[in-house]
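# Overview (structure and organization)
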Amino acid sequence: KFGKVHPGGAALIFDNAGKEATAIFDPIHPKDIMEKLLKPSLTMGNVDPATIKPEHIAQPPKKEEKKKAPKKSAGPTAEVEDFVFVKPPLAAMLNCFDFESVARETMEPQAWGYYSSGGDDEITLRDNHMAF
């Protein structure tokens, strides 16, 4: 059920179902999220670490290749050149939308999915958009 509405995408849930995914889960989620959201009836018990084989450990998705941007050229068959995002200086950041655009380019896709969806309750996300 949850996979379909997961902020990081359903594929992340389904691809790692039944695997030890702590390395993917912990950097993105609040430490107390399991106690807050997981029903005790869904807790299956403890896993003996000695029984975990390498194929049971979820691997973080591979980093995407550099983004491509079209070269400035006249014609429909413009060649493609490498595009590397460069963070602007902090003094150039004027509002939350500036920070958001930098975060989109620099964060891992799963982390960006979580934070850009408003995290847990979206209250801060709504308040920030209304304020700015």
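This structure is a prediction, so every number in the text was calculated from the model and none was measured. (Residues numbered from 1 in each chain as written. Predicted model: local features only at pLDDT ≥ 70, side-chain atom pairs only at ≥ 80, totals over all residues. Heavy atoms only, no water.)

### Examining the overall build of the chain
Scanning the chain for helices and strands turns up six helices and two strands. Going from the N terminus to the C terminus, the chain shows its helices and strands as α-α-α-β-β-α-α-α. Within the span of the chain, comprising 132 residues, buried residues form 15% of the whole. Taking the contacts inside the chain whose residues are at least 6 apart along the sequence as the reference set, 41% of them involve residues at least 24 apart. Of the roughly 10,900 Å² that the chain leaves accessible, carbon and sulfur atoms contribute 60%. (Helix = DSSP H or I, 4+ residues; strand = E, 2+ residues; numbered from the N terminus. Buried < 20%, exposed > 50% of the residue type's maximum accessible area, 1.4 Å probe, protein only. Contact = heavy atoms within 4.5 Å. Areas by Shrake-Rupley, 256 points an atom, 1.4 Å probe, with all protein chains shown as cover.)

### Observations regarding the layout of surface pockets
Size it by volume and the largest pocket reaches roughly 1,600 Å³. Along the wall of the largest pocket there are 36 residues; nearest its centre are F2, I13, F25, M34 and L38. When residues of the lining of the largest pocket are traced back to their parent elements, those giving at least two are α1 (10-15), α2 (22-25), α3 (33-37) and α5 (109-116). In terms of residue class, the lining of the largest pocket is made up of 18 nonpolar, 12 polar and six charged. (1 Å grid on protein atoms, 1.4 Å probe; cavity = no way out; pocket = protein on both sides within 12 Å on 5 of 7 lines; lining within 4 Å. Points joined across faces, edges and corners; volume = space filled by probe spheres on them. Nonpolar A, V, L, I, M, F, W, Y, C, P; charged D, E, K, R; others polar.)

### Observations concerning a nonpolar patch on the surface
On the surface, M34, L38 and L42 cluster together to form a nonpolar patch covering roughly 240 Å² of accessible area. Positionally, L38 belongs in the loop between α3 and β1 (67-70). (Patch = residues over 30% accessible without salt bridge, like charges linked within 9 Å, V, L, I, M, F, W, Y side chains within 5 Å. Salt bridge = Lys/Arg side-chain N within 4 Å of Asp/Glu carboxyl O.)

### Describing α5
The set of residues buried in α5 consists of Q110, A111, W112, G113 and Y114. Considering only its buried residues, α5 is in contact with α1 and α4 (96-106).

### Describing the pattern of salt bridges
Enumeration over the complete set of coordinates arrives at one salt bridge. Across the pair E100 and R104 runs a salt bridge, and its minimum N-O distance is 3.8 Å. Of the two residues, E100 and R104 both sit in helix α4, four residues apart, roughly one turn of that helix.

### Thoughts on the environment of D98
Assignment of secondary structure puts D98 in helix α4. In this structure, the C-alpha to C-alpha distance between D98 and P88, residues 10 residues apart in sequence, is 9.4 Å. At 2.7 Å, the side chain of D98 forms a polar contact with the backbone nitrogen of L94. (Polar contact = N/O pair within 3.5 Å; in protein donor to acceptor, adjacent residues only side chain to side chain.)

### Side note on the side chain of N16
With respect to the helices and strands, N16 occurs in the loop between α1 and α2. Judged by relative accessible area, which is 13%, N16 ranks as buried. From its side chain, N16 meets the backbone oxygen of L12 in a polar contact 2.8 Å long. Apart from residues no more than four positions distant in its own chain, N16 is found in contact with I24 and A58.

### Quick word on the side chain of H29
Looking at where H29 falls in the secondary structure, it is placed in the loop between α2 and α3. Assessed through its relative accessible area of 15%, H29 is described here as buried. Engagement of the side chain of H29 in a polar contact is seen with the backbone oxygen of F25, the distance being 2.8 Å. Discounting residues that sit within four places of it in the chain, H29 has contacts with H6 and Y114.

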